[in-house]
Structures are given as structure tokens and as C-alpha cells.
Amino acid sequence: MARRPGRNFLFVPGPTNLPDRVLRSMVVSMEDHRSPAFPELTLPLFEGMKKVFKTKDGQVFIFPSSGTGGWEAALANTLAPGDKVLTARFGQFSHLWVDMAQRLGLEVEVQEEEWGTGAHEEKIEEALRADKAHEIKAVMVVHNETATGVTSNIAAIRKAMDAAGHPALLLVDSVSGLGSIDFRFDEWGVDCAVSGSQKGLMLPAGLGFVCVSQKALNVRKNAKLNKVYFDFDDHMKQNPAGYFPYTPALPLLYGLKEALACLFDEGLDNVFNRHRVLAEATRKAVDAWGLKLCAKSPRWHSDTVSAILAPEGVDAAKIISHAYNRYNLALGAGLSKVAGKVFRIGHIGDLNELMLLGAISGAEMSMLDNGVKIEAGSGVAAAQQYLRQNPIEKQEATPKAA
């Protein structure tokens, strides 16, 4: 393919744009990961990730994997074959977690929700109240469902579990939420939180993170699901001294060090506010186009990705492919039930107002080229107006990792 001048506009909801300083930090020579100096790199990473998860008592594990590996680690280290888990399915990624749990030998009670909504805390409470024998061992929830642009209320789900007086573990997938939208591990009573490196943490794919409560660690002796690579015990023997049970992804660890510095330099609250503002600007553009989001109401709006419904009779996949081929803009595709029905603008990670306006402009042009009847410039103008009236203000930065 002939060279295309300029940069590709990457606006899928992960992998995300990487800060230049993070890219540079990963250009390192290989070193001995058993050396006496290696913990100087690794020990601050565990502490830094605890700050991102907002936990004091939780334990963070770092695996050379994607977020999917984190899913498997969370299940395999807390549950036994035949255990019952409760979950809501409302998008491709909540579906994939159900599939994994079933393939691992768990009994999954699935609450089917309309795509465009999320986990309904009242239904979870009802199911837990009905489980008098406490057969349900865990509740699995996807915090931010990128397929549909939906965020579920984890605090409300914890409140519902407490109201039911049920001892089930709370397992949360925040792969596309952590580091972009607020996550409060301790305050929300989460037992296992799973994330990955390629979203809000602004790294390449390749690191999976699991933050685990003491309650969840205490049940691991009864967790009889087979595990080797993802065994917490192996990591707990090595991590306190700054080492890993097998060869770590060394350049990614250096990248993580710099990515954490980026987050703490900006300040987590500022990061969350920036994502809120950029997401709302995108929603203003969608309104101006006369289109609708897949998310059924503002209750479900995600601040990291907007899944936009194409008009009836228009193939969203053509909007996506044309945007890429004509304008060098990567938009997120519709997945599973919404394939061909939505295109997605990811507003997550290292981006600012003008970058977002470029993506909105490119999406607008691709829609016009594909016969979508919108007014040229309407979405860009609406987003501009909102951004001008809502500057991304900076507050005091989050304290840096130790």
C-alpha cells in the first residue's frame, strides 16, 4: 500500500492512542528480570495500580495477557467446578465472559438485558434474595460495555447485594473503564476487578490486571478450577519481592511506569472530567446529526465510547470502511447483535478536543459520502459549541506513585 501522509486517526475504543512519552519509555534494552535492581521498577507499579483502582487493602496482580486473561484469573482463583454465578448479559463482552465461565465449568445464571442497557441492580437484588441457600457464589458485572456504549452502576449493584444480605463475591470487568471513568474498588466493595493495558492505561495490549480483595483471596483454597499460568499463589510468592513467577513483558512494564506517571501528572479527577467532557461533546454531535445512540437513556451513557445507530437502511459497516479507506479514520465496528447497525467513536485514552473534532468531522464526511442525510458541519459545530462552553479545567493533580 502506498504511504499515506499524516497520522491515522485511531478512534476505536481500544487499543487507544499512546502518549509519545509512553512510546519512548518502551524502547529499552532487555535486562535480567531476576536482578537485584529489578524490584526498583516493579514494586512501584503495584502501588501505582492500587491508586488507579482506588484501593488500600486490595492486592494487584499483573499478568502478561490481555484483559481476557484477567477474566480467567478472577474466575479460576475464586471458584470451583459447578459453582453458580449470576451475571447480566447486555453486549458482546458480557456475553464473552458468560461463555468463558461456562467453558470453565461454572453454572451461569444469566439475566438477559436489552442491548443498550446494562446490569439492573434491582434484578440482581431480587435474584440474590431468592437464593436462600446462597448457591450463588459470585456476581459478574461488566462495568463498561464497549459494544453498545453502556456503563453500569457498580456502586448501586454493591448496594443491592448488601440489601439482599448475600455473601456472593462481586467480580467486575473494568477493562474499558479503568483509568478513564471513576472506579472505586474499596468504596464499592468489589472483590475482583479486571482490566487491561490497551484502554485507559494508554499502553499496547499485553498486560492484564486483577485487583483482589482479602475476602476473595481467603476463598482461593476452595477454588478448585484448574489453573497454572494464572494461579494467584505463584504470584503471591514472588510479587512481594518485586519478581514474577515467569518472564514478564519487560518493555510493557516500563511503559506502565510512564503511563501511570501520565495519569498522576494530569490527576485522576482531571482524567475523568476530560473523558466526561469529550463524551458529552460527541453526544451533542450525534444529536445534531439527528441520530441516536445505542444506549437507551442517559443513565447508561458511557464516557469512553459512543455507539451510534446508523439510519434505517444504511449499512454502518460501509461508513466504517469508507472512513478508514478515504479519510484514514479508524472507527469501531458493530459487534454481534449490532453488527452493521452501529459505528462507534471511542473517546478514551490520550486525546484532546481537537483530536476528537477530527474524528467527528471524519465520521460526518463518511456518512455524507454514504448517503446519510445529515447537514454538513452540524455535528462538528455542535461539538465545538459544547467544548467552547465547557473547557477541560485542571484541578490539583493526584499524588504520584511511591
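Details of the structure are given in the entry above.
All figures in this text were calculated on a predicted structure; none of them were measured in a lab. (Residues numbered from 1 in each chain as written. Predicted model: local features only at pLDDT ≥ 70, side-chain atom pairs only at ≥ 80, totals over all residues. Heavy atoms only, no water.)

### Some remarks on the overall build of the protein
Thought 1: If you tally the helices and strands in the protein, you get 13 helices and 14 strands.
Thought 2: Its C-alpha atoms give the protein a radius of gyration of 21 Å, near enough to 21 Å, the size a compact globule of 402 residues would have.
Thought 3: On the principal axes, the C-alpha backbone points of the protein span a range of 60 × 55 × 45 Å.
Thought 4: Among the 402 residues that make up the protein, the fraction classed as buried is 57%.
Thought 5: Counting only contacts in the protein whose residues sit at least 6 apart along the sequence, the fraction spanning at least 24 positions is 74%.
Thought 6: Mean positive and mean negative side-chain charge positions of the protein (44 and 46 charges, respectively) differ by 2 Å. (Helix = DSSP H or I, 4+ residues; strand = E, 2+ residues; numbered from the N terminus. Rg over C-alpha atoms; globule rule 2.2 N^0.38 Å. Buried < 20%, exposed > 50% of the residue type's maximum accessible area, 1.4 Å probe, protein only. Contact = heavy atoms within 4.5 Å. Lys, Arg positive; Asp, Glu negative; His and termini not counted. Charge placed at Lys NZ, Arg CZ, Asp CG, Glu CD.)

### Some remarks on helix 3 (residues 67-76)
Thought 1: Most of helix 3 is tucked away: eight of the 10 residues are buried.
Thought 2: The set of residues buried in helix 3 consists of G67, G69, G70, W71, A73, A74, L75 and A76.

### Describing the sheet that holds strand 1 (residues 9-11)
Thought 1: Spatially, five strands are ordered 1-13-14-12-11 in an open sheet, and the strand pairing comes out mixed. Edge strands, defined here as strands with exactly one partner in the open sheet, are strand 1 and strand 11 (292-293).
Thought 2: Here two bridges tie strand 13 (residues 329-333) to strand 14 (residues 342-346), and the two strands are oriented antiparallel to one another. Opposite G332, over in strand 14, you have R344 as the bridge partner. (Pairing = 2+ DSSP bridges.)

### Focus: the sheet that holds strand 8 (residues 169-173)
Thought 1: The seven strands are arranged 2-10-9-8-5-3-4 in an open sheet whose pairing can be described as mixed. The sheet is open, and its two edges are formed by strand 2 (59-63) and strand 4 (107-112), each paired on a single side. The sheet shows a mean angle of 20° between the axes of neighbouring strands, taken without regard to direction.
Thought 2: Here strand 5 (residues 136-142) pairs with strand 8 via five bridges, running parallel. Paired with A138 across the bridge in strand 8 is L169.
Thought 3: Along the sheet face, helix 2 (residues 39-53) touches strand 2, strand 9 (192-196) and strand 10 (208-212) and points at about 115° away from the line of strand 2. (Axes fitted to C-alpha atoms, helices over the stretch in contact; angles between N-to-C directions.)

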